[in-house]
Amino acid sequence: IDQATTFIQGTGHQMELEAIRSRTREGLRSRVRQGRIAGGSCYGYTLERKSDGSGRRFTVAVVDDQQAPIVQRIFTEYLANRGLKAIAHQLNHEGVPSPAAGRRGSGSWASSAIRTILLNPRYRGIYIHGRIKTVQPGGSMARVKADPHEIITIDLPEWRIVDDATWFAVAERFTTRGPYLRAGRPTGKYPL
């Protein structure tokens, strides 16, 4: 009887845990639909806490006047045929604080940080939420891509740092630039 009672209680707790996850997920999705932040910070923006009429607090992103020109510069330099490493090296040489400065690592710019900035649609005023979800197959947590109908995309013009022409030109350069070309020249590596 004790084993059966323990099993039933465990099942009840598991069901309540799933209900809490579902309510939390839907609460975050509701925030996103209202143009509020449901996640962490992003380079180029500062997070501001505000409260609505009922006193409930929420977070919104506001364009950072000191970091936004750096983001614009990264886009411009990439369109001027500078590579990711060259842009990162130049920013480090000038002493421009990186997104991770003071929090972790060396605090210097890396080509991966430049790539992340260039591919982030938030800089053109598009907030995408829910691309990755956490599932628990077989008892262990795993992160997987979400179904397209679960992803929320919101247009927020007040977040725009780069214009659409610049954004799409950078996106085209990423797709047309092959892995075996660097600044239009062969790198000496061949697929065969």
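Note that the coordinates shown come from a computational prediction; the quantities given were computed from them, not determined experimentally. (Residues numbered from 1 in each chain as written. Predicted model: local features only at pLDDT ≥ 70, side-chain atom pairs only at ≥ 80, totals over all residues. Heavy atoms only, no water.)

For helix H5 (residues 164–176), which comprises 13 residues, the first-to-last C-alpha distance of 18 Å matches the rise-based estimate of 18 Å (1.5 Å per residue) to within 8%. Of the positions making up H5, those classed as buried are Trp-167, Val-170, Arg-173 and Phe-174. The buried residues of H5 occupy an angular sector of 130 degrees when projected down its axis, which confines them to one face. Exposed side of H5, more than 90 degrees from the buried face: Ala-165, Glu-172, Thr-175 and Thr-176 are the residues found there. (Helix = DSSP H or I, 4+ residues; strand = E, 2+ residues; numbered from the N terminus. Expected span 1.5 Å × (residues − 1). Buried < 20%, exposed > 50% of the residue type's maximum accessible area, 1.4 Å probe, protein only. Arc of directions from axis to C-beta.)

The next thing to look at is the confidence of the model for the chain. Taken over all residues, the pLDDT of the chain has a mean of 82, while the share at 70 or more is 88%. Per-element averaging of pLDDT across the chain places strand E7 (residues 181–182) at the bottom with 50 and helix H2 (residues 68–79) at the top with 96. (pLDDT = per-residue confidence, 0-100.)

Before going further, it helps to spend a moment on the pattern of salt bridges. Enumeration according to the criterion identifies five salt bridges in this entry. In this structure, Arg-73 engages Glu-94 in a salt bridge whose closest nitrogen and oxygen atoms are separated by 2.7 Å. Of this pair, Arg-73 sits in helix H2 while Glu-94 is found in helix H3 (residues 84–94), placing the two residues 21 residues apart along the sequence. (Salt bridge = Lys/Arg side-chain N within 4 Å of Asp/Glu carboxyl O.)

This part covers the packing of aromatic side chains. Counted by the stated rule, this structure contains seven aromatic pairs. Both rings, one in Tyr-43 and one in Trp-109, keep their centres 5.4 Å apart while their planes meet at 85 degrees; by these two values the pair is edge-to-face. With a gap of 66 residues between them, Tyr-43 in the loop between helix H1 (2–33) and strand E1 (45–51) and Trp-109 in the loop between H3 and helix H4 (111–119) connect regions that are remote in the sequence. Members of the aromatic cluster, connected to one another through ring pairs, are Tyr-45, Phe-75, Tyr-123, Tyr-127, Trp-159 and Trp-167. (Phe/Tyr/Trp six-rings, centres within 6.5 Å; stacked < 30°, edge-to-face > 60°.)

All of the buried residues along H4 are Ile-114, Ile-117 and Leu-118. Along the long axis of H4, the arc covered by the buried residues comes to 95 degrees, so they all point the same way. Contacts from the buried residues of H4 go to H2, H3 and H5. (Contact = heavy atoms within 4.5 Å.)

Now for the pairing of strand E6 (residues 152–155). Residues of E6 alternate between two faces, with Ile-152 and Ile-154 buried on one and Thr-153 and Asp-155 left unburied on the opposite face. Where strand E3 (residues 126–129) meets E6, four bridges bridge the pair, whose relative direction is antiparallel. Residue Tyr-127 lies in a different strand from E6, and its bridge partner there is Ile-154. (Pairing = 2+ DSSP bridges.)

Of all hydrophobic cores here, the largest spans 33 residues; its most connected members are Ile-74, Phe-75, Trp-109, Ile-114, Leu-118 and Tyr-123. Contributions of two or more residues to this core are made by H2, H3, H4, E6 and H5. For this core, the element with the most residues is H2, which contributes six residues. Once you skip the residues sitting within four places of it in the chain, Trp-109 turns out to touch Tyr-43, Ile-70, Ile-74, Ala-88, Leu-91, Asn-92, Val-96, Pro-97, Ser-98, Pro-99, Ile-114 and Ile-117. (Core = buried A, V, L, I, M, F, W, Y, C linked by side-chain atoms within 4.5 Å.)

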